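Coordinate inspection notes
Residue strings, one per chain:
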Amino acid sequence: MTTTTSHPAPKVRARSTRLVVAGVIALTALLGGCSASADSGTSTADEAASGALGGEVRSDAAEAPADGSVEQAASTSDADRQVIQTGDVRMTVKDPREAADAVVALAEGAGGRVDDRSEHAATKDDVGTAELTIRLPADQVSRAVDGLRELGTIDQLDLTSEDVTGTAQDLDARIHALQLSVARMEDLLTRATTNEQLIAAENALTERQSSLEQLQSERARLAEKVRLSTIHVALYGPELAPVAPVEPATGPQSFLDGLATGWDALVAVAAGVAIVVGVLLPWLAFGGAVAALVVAAVRWTRRRRTPAPLGAPAPVVVSPVPSVLPDEHEPR
């Protein structure tokens, strides 16, 4: 009896090989997509552009050179800390203008600059002032404060520090991811074969470059704030001199002065009396009217209540009597 050993057919082996190769390709594409998702804001457009090019996305795209002026902070040690210093100084000086010139020279001598400056001359009601905003290297702030002490008296000094190491590292990571995305879009643009692919790649590349420039500008401003500290200096002159007391006015020194003083007093008294009379006149008129009514009422009441006296002769009513004298022509 002969034993027969079965072997897999060539077609089965070829199919298994294709499945393994397809799995490796899928895993490679998945890892490439994960590395490209470092910048969340650019993954969607990358997929759209790669889809327009038939799904051919290079996972091993060349890394674009980073800007040499941007540091890649890799640790949070003291040497790599990013700190922003700001301060406010209020001083009393003899001459604010001369002190302002000295502050400018101090800032420029320390390698800094003056961003803002304003001055106000002294008046009889206010002291002279000057205000400056200076930018100094971070390692020159302490020396600059010592120089300010020599210009006058520091009445108030406030220095604050803000650690922005995390913000700087986040910006660096986002810039690096966008640089990779820009390099990938440039590669896709060079391999575009149709107008649709070309337009999709150009739009994606323009968006990446715009975002990259914004992040680089923000990182540059942050680096500038870290490199140069901002100090606001307010200079005030000495206090105002006390006002001399006003001497009391003296009396009249001549006849005319006395006459004028008397006339002014008379006018003032007459004006005062006129005011008093004007105030009291309505009340006087009202009081007089009330008093007249009361007196009239009292008299009328008394006349009605007073009886006639006893034994008094009745009043005689005299009627007219016709004349009885004889006529001169009648006989006697």
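This is a predicted model, so every value here is computed, not measured.

**Topic: the overall build of the chain**
Secondary structure assignment for the chain yields 7 helices and 5 strands. In the chain, the succession of helices and strands from N to C terminus is α-α-β-α-β-β-α-β-α-α-β-α. Evaluated residue by residue, the chain yields a buried proportion of 22% over its 332 residues. Sequence-distant contacts in the chain: of pairs separated by 6 or more residues, those separated by 24 or more amount to 80%.

**A few points about the sheet that holds strand 4 (residues 153–163)**
What the 5 strands build is an open sheet, ordered 2-3-5-1-4; its pairing is mixed. Edge positions in the open sheet fall to strand 2 (113–120) and strand 4, since each of these has one partner strand only. If you compare each strand with its neighbour and ignore which way they point, the axes differ by 10° on average. Relative to strand 3 (residues 129–137), strand 2 is paired through 7 bridges, and the arrangement is antiparallel. Opposite Ser-118, over in strand 3, you have Glu-131 as the bridge partner. Against the sheet, helix 6 (residues 195–227) contacts strand 1 (83–92), strand 2, strand 3 and strand 5 (228–236), and its axis sits at roughly 55° relative to strand 5.

**Quick notes on the pattern of salt bridges**
Counting across every chain of the model gives 12 salt bridges. We note a salt bridge from Asp-172 to Arg-219, for which the minimum N-O separation is 2.8 Å. On the criterion of sequence distance, the pair formed by Asp-172 in helix 5 (residues 165–190) and Arg-219 in helix 6 is long-range, its members being 47 residues apart. Assigned by exposure class, Asp-172 and Arg-219 land together as buried. For Glu-224, the salt bridge goes to Arg-227, with nearest N and O atoms at 3.3 Å. Residue Glu-224 and its partner Arg-227 are located together in helix 6, separated by 3 residues, close to a single helical turn. On the basis of relative accessible area, Glu-224 is assigned to the partly exposed category, the value being 26%. A relative accessible area of 48% places Arg-227 in the partly exposed class.

**Concerning the packing of aromatic side chains**
Applying the stated criterion across every chain, the model contains 0 aromatic pairs. Between the NZ or CZ atom of Arg-90 and the centre of the ring of Tyr-236, over which it lies, the distance is 4.0 Å.

**Brief notes about helix 7 (residues 255–305)**
Residue pairs three or four apart in sequence face the same way in an α-helix, which turns once every 3.6 residues. For helix 7, spanning 51 residues, the distance from its first C-alpha to its last is 69 Å, which sits close to the expected 75 Å at 1.5 Å a residue. In the structure, helix 7 departs most strongly from a straight axis at Leu-280, where the bend amounts to approximately 35° and where the proline Pro-282 lies between one and four residues downstream.

**Digging into the packing of helix 5 against helix 6**
Running from N to C, helix 5 and helix 6 cross one another at 155°; their axes reach a closest spacing of 9 Å. Taken together, helix 5 and helix 6 sit at an angle that is classed as roughly antiparallel. Seen from above, helix 5 lies across helix 6 with left-handed handedness. Among the residues forming the contact of helix 5 with helix 6, the class breakdown is 15 nonpolar, 6 polar and 7 charged.

**Focus: the pairing of strand 5**
Here 7 bridges tie strand 1 to strand 5, and the two strands are oriented parallel to one another. The residue of strand 5 that forms the bridge with Met-91 is Leu-235. The pairing of strand 3 with strand 5 spans 9 bridges and is classified as antiparallel. Across the sheet, Ile-134 pairs through a bridge with Ile-231, a residue of strand 5.

**A word on the nonpolar core**
Counting 19 residues, the largest nonpolar core has Leu-132, Ile-134, Ile-231 and Leu-235 as the members making the most contacts within it. Residue assignment for this core shows that the elements contributing at least two residues are strand 1, helix 3 (96–109), strand 3, helix 4 (141–149) and strand 5. Of the residues forming this core, the biggest block, 5 residues, is contributed by helix 3. Beyond its immediate sequence surroundings of up to four residues, Ile-134 is in contact with Val-103, Ala-107, Arg-113, Val-114, Ser-229, Thr-230, Ile-231 and Val-233. In this structure, Met-185, Leu-188, Leu-215 and Leu-222 belong to the second largest nonpolar core, which totals 15 residues.

**Examining helix 6**
The terminal C-alpha atoms of helix 6, which comprises 33 residues, lie 47 Å apart, in line with the 48 Å expected from a rise of 1.5 Å per residue. Those residues of helix 6 that fall on the buried side of the exposure criterion are Gln-197, Ala-201, Ala-204, Leu-205, Arg-208, Leu-212, Leu-215, Arg-219, Leu-222 and Val-226.

**Focus: a nonpolar patch on the surface**
Taken together, Ile-275, Val-276, Val-279, Leu-280 and Leu-284 make up a surface patch of nonpolar side chains, about 480 Å² in accessible area. Among the structural elements, Ile-275 can be located in helix 7.

**Describing the confidence of the model for the chain**
Mean pLDDT over the chain works out to 74, with 64% of the residues at or above the 70 mark. Ranking the elements of the chain by mean pLDDT puts helix 1 (residues 10–36) last, at 45, and strand 5 first, at 93. Ignoring residues within four places in sequence, the model shows residues 1–14, a span with pLDDT below 50, making 1 contact including any to other chains. Taken as a whole, residues 52–76 scores under 50 in pLDDT and shows 42 contacts with residues more than four places along the chain or in a different chain.

Here is what the cut-offs are and how they apply
- Residues numbered from 1 in each chain as written.
- Predicted model: local features only at pLDDT ≥ 70, side-chain atom pairs only at ≥ 80, totals over all residues.
- Heavy atoms only, no water.
- Helix = DSSP H or I, 4+ residues; strand = E, 2+ residues; numbered from the N terminus.
- Buried < 20%, exposed > 50% of the residue type's maximum accessible area, 1.4 Å probe, protein only.
- Contact = heavy atoms within 4.5 Å.
- Pairing = 2+ DSSP bridges.
- Axes fitted to C-alpha atoms, helices over the stretch in contact; angles between N-to-C directions.
- Salt bridge = Lys/Arg side-chain N within 4 Å of Asp/Glu carboxyl O.
- Phe/Tyr/Trp six-rings, centres within 6.5 Å; stacked < 30°, edge-to-face > 60°.
- Lys NZ or Arg CZ within 6 Å of the ring centre and 35° of its normal.
- Expected span 1.5 Å × (residues − 1).
- Bend = angle between axes of the 7 residues up to and from the residue.
- Parallel < 35°, antiparallel > 145°, perpendicular 65-115°, else oblique.
- Left-handed = near helix turned anticlockwise from the far one by under 90°.
- Nonpolar A, V, L, I, M, F, W, Y, C, P; charged D, E, K, R; others polar.
- Core = buried A, V, L, I, M, F, W, Y, C linked by side-chain atoms within 4.5 Å.
- Patch = residues over 30% accessible without salt bridge, like charges linked within 9 Å, V, L, I, M, F, W, Y side chains within 5 Å.
- Areas by Shrake-Rupley, 256 points an atom, 1.4 Å probe, with all protein chains shown as cover.
- pLDDT = per-residue confidence, 0-100.

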